[in-house]
Amino acid sequence: MTMERRDSKSLVSSIVDDACYLVQKSVNRAISSRSVDTVCAMINNAASILSVEVCIELSEVLKKGYPNALSYSWQQGTEEQVQQLKESFLTALNNLNAVAGNVTKLKRGFEVKCEKCFGSLPKLSTCIQGLGDVYTEFRDTLSRGEVELCRAAVFPKVHPVIAEFASSSHVITEDEFYELEVEDPWLHEVVKVVDESIIVLSDLLQPPIYENVLKNSITEITSYLEKLALTCSYNQLGGLLFDKRLRSLVTYLSGITKWSVRDKFARLTQISLILSIERVSEVAEYTSSSVKCSLDISEIKQCLKLRKDFRGEDINKITGD
């Protein structure tokens, strides 16, 4: 790790190719000796080196943290030092992902070569499986780093914007509804903060890492928005506006992902639909046993009670039959 280098145009450092090349060369040479004990010893040594010299070292880089998106205090150093911390953190994530992929390829290659040279030997299979454990170690470390990146670089920017949802009234007039239908400042700011805090990472992270950060961020957005939505009061127009906002958000996020985001918005969508019904009796289609709903009967009642124009006694009569 002391000789590690990174080209400014590359997302990973030299450790990715160097470590895997040395492991491949060493184990292949051991296989050519046709000694099972030599091969096992070399594979075990290679697994140990990848774990201790690479994975743990990269983990130490991640432990230094990623500078908080909204905090550039003296404790984090100068702007140049902060930038260096960011680059080191992101490079460590990319290295973990790249080495994990290479470990899988090495494992498969060694399995094929050992099968050809020695046949099927449980002793060799057990040793080679140790590389599978190393792969898991890299992936687990990477996952923790992805979560840390979201907490430091994304959530501090996204939360305040999402929180504005609860700061405005959702008991609105027709004029307010039509005005927000044309120009919705809250929705505009949400899209803007996603662009500025998440999409900018796409050029700095390898695709699998970026996709995971995107998934973690969208999960956090839906979870936080649901908590906020359940603290507000609505009339039907307020519920309709909420539903429209969600549809626009789903459309936008679907355009920046390679997978469907609708499942992550399933609960929020059903909450907005319940909040936008005209009469309490219309909720029957959500409480019917033949309808798949992400909300249970108590949650449905909780949503209905947010409607200022619905009577409590009507809501309490609802059953899940």
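Structure: above.
Notes on the structure in this doc start here. Note that the structure is predicted; figures quoted are calculated from it, not measured. (Residues numbered from 1 in each chain as written. Predicted model: local features only at pLDDT ≥ 70, side-chain atom pairs only at ≥ 80, totals over all residues. Heavy atoms only, no water.)

### Some thoughts on the packing of helix H9 (residues 266–275) against helix H11 (residues 297–304)
Consideration 1: Put simply, H9 and H11 touch, their axes get as near as 9 Å, and they point 50° apart. Here H9 is positioned oblique relative to H11, judged by the angle of their axes. In the crossing of H9 with H11, the sense of the turn from one axis to the other is right-handed. Contact with H9, carried on its side by Arg267, Ile271, Ile274 and Leu275, involves Glu299, Ile300, Cys303 and Leu304 of H11 and no other residues of that element. (Axes fitted to C-alpha atoms, helices over the stretch in contact; angles between N-to-C directions. Helix = DSSP H or I, 4+ residues; strand = E, 2+ residues; numbered from the N terminus. Parallel < 35°, antiparallel > 145°, perpendicular 65-115°, else oblique. Left-handed = near helix turned anticlockwise from the far one by under 90°. Contact = heavy atoms within 4.5 Å.)

### Considering unusual backbone geometry
Consideration 1: A positive phi angle, close to 60°, is found at Arg34, a residue other than glycine.
Consideration 2: Among the secondary structure elements, Arg34 is positioned in the loop between helix H1 (15–32) and helix H2 (36–63).
Consideration 3: For Arg34, a relative accessible area of 60% gives the class exposed. (Buried < 20%, exposed > 50% of the residue type's maximum accessible area, 1.4 Å probe, protein only.)

### A few points about helix H3 (residues 79–118)
Consideration 1: Given a rise of 1.5 Å per residue, 40 residues ought to cover 58 Å, and the 57 Å separating the end C-alpha atoms of H3 matches this to within 8%.
Consideration 2: A positive phi of about 80° marks Gly119, the residue just after H3. (Expected span 1.5 Å × (residues − 1).)

### Some details on the packing of aromatic side chains
Consideration 1: One pass over the full model with this rule turns up five aromatic pairs.
Consideration 2: Between Phe177 and Tyr178, the aromatic rings sit 5.6 Å apart at their centres with planes inclined by 75°, giving edge-to-face as the arrangement.
Consideration 3: On the accessibility criterion, Phe177 (10% relative accessible area) is buried.
Consideration 4: Judged by relative accessible area, Tyr178 falls into the partly exposed class, the value being 46%.
Consideration 5: Here the aromatic rings of Tyr234 and Phe242 are separated by 6.2 Å at their centres, their planes lie at 25°, and the arrangement is stacked.
Consideration 6: One aromatic cluster is present, built from ring pairs that chain together Phe165, Trp186, Tyr234 and Phe242.
Consideration 7: Across the ring face of Trp259, the terminal group of Lys215 is positioned such that the distance to the ring centre comes to 5.4 Å. (Phe/Tyr/Trp six-rings, centres within 6.5 Å; stacked < 30°, edge-to-face > 60°. Lys NZ or Arg CZ within 6 Å of the ring centre and 35° of its normal.)

### A short note on the packing of helix H4 (residues 122–163) against helix H7 (residues 207–229)
Consideration 1: Look at H4 against H7: their axes get within 9 Å of each other, and the N-to-C directions meet at 45°. Viewed along their axes, H4 and H7 adopt a mutual orientation that is oblique. Crossing angle aside, the handedness with which H4 passes H7 is right-handed. Along its contact with H4, which presents Arg139, Leu142, Glu146, Val147, Leu149, Cys150, Val154, Phe155, Val158, His159, Ile162 and Ala163, the element H7 presents Ile209, Asn212, Val213, Asn216, Ser217, Glu220, Ile221, Tyr224, Leu225 and Leu228.

### Some details on a negative patch on the surface
Consideration 1: A grouping of Glu164, Glu189, Asp195 and Glu196 is seen on the molecular surface, where their side chains present a negatively charged patch.
Consideration 2: Looking at the element boundaries, Glu189 is found in helix H6 (residues 185–197).
Consideration 3: In this structure Glu189 comes out as partly exposed when scored by relative accessible area, which is 34%. (Patch = residues over 30% accessible without salt bridge, like charges linked within 9 Å, V, L, I, M, F, W, Y side chains within 5 Å. Areas by Shrake-Rupley, 256 points an atom, 1.4 Å probe, with all protein chains shown as cover. Salt bridge = Lys/Arg side-chain N within 4 Å of Asp/Glu carboxyl O. Lys, Arg positive; Asp, Glu negative; His and termini not counted. Charge placed at Lys NZ, Arg CZ, Asp CG, Glu CD.)

### Quick word on the pattern of salt bridges
Consideration 1: With the rule as written, the count across this model stands at 12 salt bridges.
Consideration 2: Of the charged contacts in the structure, one is a salt bridge between Arg247 and Asp243, with a shortest N-O distance of 2.8 Å. Separated by four residues within a single helix, Arg247 and Asp243 lie in helix H8 (residues 236–254), roughly one turn from each other.
Consideration 3: A residue is classified by how much of its surface remains accessible, and Asp243, at 10% relative accessible area, is buried.

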